[in-house]
Amino acid sequence: MILLLFTIVALVLFGTSYLLYAKQAIFFTLIPTTEANKVFLKTYSLIHFLLGVVALVVGFVDKELIALFYLALLLLSSASFSILLAQKMKKKKD
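These numbers come from a predicted model, not from an experiment.

Rules used in this analysis
- Residues numbered from 1 in each chain as written.
- Predicted model: local features only at pLDDT ≥ 70, side-chain atom pairs only at ≥ 80, totals over all residues.
- Heavy atoms only, no water.
- Helix = DSSP H or I, 4+ residues; strand = E, 2+ residues; numbered from the N terminus.
- Expected span 1.5 Å × (residues − 1).
- Buried < 20%, exposed > 50% of the residue type's maximum accessible area, 1.4 Å probe, protein only.
- Contact = heavy atoms within 4.5 Å.
- Arc of directions from axis to C-beta.
- Polar contact = N/O pair within 3.5 Å; in protein donor to acceptor, adjacent residues only side chain to side chain.

**A short note on helix 2 (residues 35–61)**
- Over its 27 residues, helix 2 runs 39 Å from end to end, which matches the ideal 39 Å to within 8%, given 1.5 Å per residue.
- Listed as buried for helix 2 are N37, F40, L41, Y44, S45, H48, L51, G52, A55, V58 and G59.
- D62 lies just past helix 2 and shows a positive phi near 60 degrees.

**Side note on the side chain of S77**
- Of note, S77 is situated in helix 3 (residues 64–93).
- Classification of S77 as buried rests on a relative accessible area of 11%.
- If we skip the residues at most four places from it in the chain, S77 touches Y44, I47 and L51.

**Examining helix 1 (residues 2–22)**
- Helix length check: helix 1, at 21 residues, gives a terminal C-alpha distance of 30 Å against a target of 30 Å (1.5 Å per residue), a fit within 8%.
- Listed as buried for helix 1 are F6, A10, L13, S17 and L20. An end-on view of helix 1 places all buried positions within 90 degrees of arc, on one side of the element. Set apart from the buried face of helix 1 by more than 90 degrees, the exposed residues are L4, L11 and V12.

**A short note on the side chain of N37**
- Along the polypeptide, N37 turns up in helix 2.
- A distance of 2.6 Å separates a polar side-chain atom of N37 from the backbone oxygen of P32.
- Among all residues touching N37, those that are not within four sequence positions of it are F28, I31, P32 and K88.

See below:
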């Protein structure tokens, strides 16, 4: 069951990584198109891709404690991305 759930998480992370890396125009409707913002999106694209790979590994390991630590790491990464993106959106409107 854990393998199935973490495979789904990995697929979502790979999709998010693709959007952040290849389809940046979607995000540039929300934030200014600057070199710093391009680097920001590419950095989080790489982070999401690596978290997707780790999700597959955690799914195959099938240990609950490792899965919980991974989910905490995933939540921290998601929260930091959301907060930084919101700050960049706020700066655009000022």
